[in-house]
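This is what each chain is made of:
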Amino acid sequence: MLETSARLLRLLSLLQQHRDWPGPQLADRLGVTVRTVRRDVDRLRELGYPVHATIGNVGGYRLEAGAAMPPLLLDDEEAVAVVVGLRTAANGTVAGIEETSVRALAKLERIMPSRLRYRVSALDAATVAQHRPGAVVSAETLTTIAASCRDHQRLRMDYRDHDGADTVRTVEPHRLVHAERRWYLVAYDLDRAGWRTFRVDRLRPRTRAGPRFTPREPPSGDIGGYASWAVGVDRYRYRARFTMYAAATQVAERVPSDAGTVEAVDEHTCTLRAGSNSLDGLALYVTLLGFDFTVHEPAELVEHFGTLHARIGNAIGKRGEGGPPAG
């Protein structure tokens with residue numbers, strides 16, 4: 001059994017992870033009785049944490065927004081500074097911490113009182129950020145989606161697809177993925193009855209909190225890799241597989257995550273998967289990477305490389321003869 005102080009910290013962490021916690025489930029996670037959970041919740045309330053009891057067949061608890069920031073953590077000035085820093089990091093200023101920043105931001109904004117939300121909004125409105133390459137996504141949109149992922153709540157949104165068509169989608173959000181200065185949402189699309197990957201800069205949430213849902217089995221254990229496959233390969237007409245005769249690290253330096261996926265075979269060879277709606281585009285793309293390679297699929301691309309090989313050979317063989325080859 002955890003000591004009281006450690007148990008309180010663990011209880012607080014659990015309350016920040018989900019919107020509602022049944023009392024018996026909290027007791028099981030902490031290895032204590034339901035009565036002990038009630039006492040620990042009372043201690044958190046005495047410290048200023050706004051823990052509210054929920055009503056239902058089984059009593060539970062919820063961490064709500066309070067009139068003041070919880071003591072012993074952050075004062076008002078520190079809270080504003082942290083939120084501004086997290087929003088800056090979420091937009092990709094510091095590489096590698098974008099997704100972590102959004103999760104932390106969602107937790108903090110959930111319990112932030114309205115007066116501090118106003119100060120943060122005022123600071124955002126008065127600040128002009130230097131333009132950086134990449135799609136712009138508001139921190140509010142990111143935290144809304146992150147909260148829906150965390151609380152397993154459906155999200156209804158307006159979405160513009162890569163062809164420019166406007167649609168309304170209802171999804172069960174699973175994870176946010178940040179890659180190459182873009183944000184993607186991996187979610188189960190209820191209208192299409194399948195897993196989809198959405199560019200966050202193309203969507204606008206309609207509601208903050210939809211109905212709760214039971215999480216589905218994710219499409220892959222590697223959600224980042226799944227998102228890269230979905231945006232860089234799967235959505236195209238032609239999906240190609242190549243063996244690249246170079247180390248995976250070398251090839252990955254030249255292939256953005258939204259342009260293809262790279263998997264190591266050994267120290268000197270890797271597999272590249274990429275997609276395009278054009279056979280010429282695929283052929284040109286992989287050739288200009290600057291590595292030797294073998295094309296395996298699709299069959300149309302293998303045949304097209306044969307045609308290009310003959311065409312280039314004829315171009316070299318007929319150099320200076322003043323015209324195309326006969327026939």
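Anyway, here's the lowdown on the structure attached to this text. (Residues numbered from 1 in each chain as written. Predicted model: local features only at pLDDT ≥ 70, side-chain atom pairs only at ≥ 80, totals over all residues. Heavy atoms only, no water.)

This next bit is on the environment of Arg216. Checked against the element boundaries, Arg216 lands in the loop between β8 (203-205) and α8 (223-234). You can call Arg216 partly exposed: its relative accessible area is 36%. Setting aside anything within four residues of it in sequence, one finds Arg216 in contact with Glu172, Tyr188, Leu190 and Trp195. Here the side chain of Arg216 touches Glu172 through a polar contact of 2.7 Å, side chain to side chain. (Helix = DSSP H or I, 4+ residues; strand = E, 2+ residues; numbered from the N terminus. Buried < 20%, exposed > 50% of the residue type's maximum accessible area, 1.4 Å probe, protein only. Contact = heavy atoms within 4.5 Å. Polar contact = N/O pair within 3.5 Å; in protein donor to acceptor, adjacent residues only side chain to side chain.)

As summarised here, the arrangement of the three strands in space is β1-β3-β2, forming an open sheet in which the pairing is antiparallel. Taken across any chain shown, the strands that pair with only one partner, and hence form the sheet edges, are β1 (21-22) and β2 (51-54). With four bridges connecting them, β2 and strand β3 (residues 60-63) associate as antiparallel partners. Its bridge partner being in β3, Thr54 is matched across the sheet by Gly60. In the packing of helix α3 (residues 34-46) onto the sheet, the strands contacted are β2 and β3, and the crossing angle to β2 comes to about 140°. (Pairing = 2+ DSSP bridges. Axes fitted to C-alpha atoms, helices over the stretch in contact; angles between N-to-C directions.)

Across all of its chains, the model carries four aromatic pairs by this definition. The interplanar angle of 85° and the centroid separation of 5.7 Å between the aromatic rings of Tyr188 and Trp195 together place this pair among those described as edge-to-face. Side by side, Tyr188 and Trp195 carry an identical accessibility label, which is buried. Between Phe242 and Phe293 the ring centres are 5.9 Å apart and the planes differ by 90°, which places this aromatic pair in the edge-to-face class. Note that Phe242 is positioned in strand β9 (residues 238-244) and Phe293 in strand β12 (residues 293-297), a separation of 51 residues in sequence. On the accessibility criterion, Phe242 (1% relative accessible area) is buried. Of the residues examined, Phe293 reaches a relative accessible area of 24% and is grouped as partly exposed. Stacked on the ring of Tyr188, the Lys or Arg Arg216 has its end atom at 3.7 Å from the ring centre. (Phe/Tyr/Trp six-rings, centres within 6.5 Å; stacked < 30°, edge-to-face > 60°. Lys NZ or Arg CZ within 6 Å of the ring centre and 35° of its normal.)

Inspection of the secondary structure assignment puts Tyr238 in strand β9. Along the chain, Tyr238 and Glu297 lie 59 residues apart, while their C-alpha atoms are 9.0 Å from each other. Within the local environment of Tyr238, its side chain forms a polar contact with the side chain of Arg237, the two groups lying 3.3 Å apart.

Here the focus is the sheet that holds strand β6 (residues 182-189). The five strands lie next to each other as β7-β6-β5-β4-β8, forming an open sheet whose pairing is antiparallel. Among the strands making up the open sheet, the edge pair consists of β7 (194-199) and β8. The mean inter-strand angle of the sheet, taken between neighbouring strand axes irrespective of direction, is 50°. Pairing analysis gives six bridges linking strand β4 (residues 155-160) to strand β5 (residues 166-179), with the strands arranged antiparallel. Within the sheet, the bridge partner assigned to Met157 lies in β5 and is Arg169. Its contacts with the sheet place helix α7 (residues 139-151) against β4, β5, β6 and β8, and it is angled at close to 90° to β5.

Take the packing of helix α10 (residues 279-288) against helix α11 (residues 299-317) next. One way to put it is that α10 packs onto α11 with a least axis distance of 10 Å and a crossing angle of 70°. Classed by the angle they form, the pair α10 and α11 counts as roughly perpendicular. The residues of α11 that touch α10, namely those facing Leu279, Asp280, Leu282, Ala283, Val286 and Thr287, are Glu300, Leu301, His304, Phe305 and Leu308. Taken together, the residues of the contact of α10 with α11 break down into seven nonpolar, two polar and two charged. (Parallel < 35°, antiparallel > 145°, perpendicular 65-115°, else oblique. Nonpolar A, V, L, I, M, F, W, Y, C, P; charged D, E, K, R; others polar.)

Inspection of every chain in the model, using the stated rule, returns 14 salt bridges. Across the pair Arg212 and Asp20 runs a salt bridge, and its minimum N-O distance is 3.4 Å. Note that Arg212 is positioned in the loop between β8 and α8 and Asp20 in the loop between α1 (4-17) and β1, a separation of 192 residues in sequence. Residue Arg160 is joined to Asp166 by a salt bridge in which the shortest nitrogen-to-oxygen separation is 2.7 Å. Since its relative accessible area comes to 45%, Arg160 is described here as partly exposed. Given a relative accessible area of 56%, Asp166 falls into the exposed group. Each of Arg7, Asp40 and Arg43 takes part in salt bridges that share partners, so that together they form one network. (Salt bridge = Lys/Arg side-chain N within 4 Å of Asp/Glu carboxyl O.)

Limitation: the analysis is restricted to geometry and does not speak to function.
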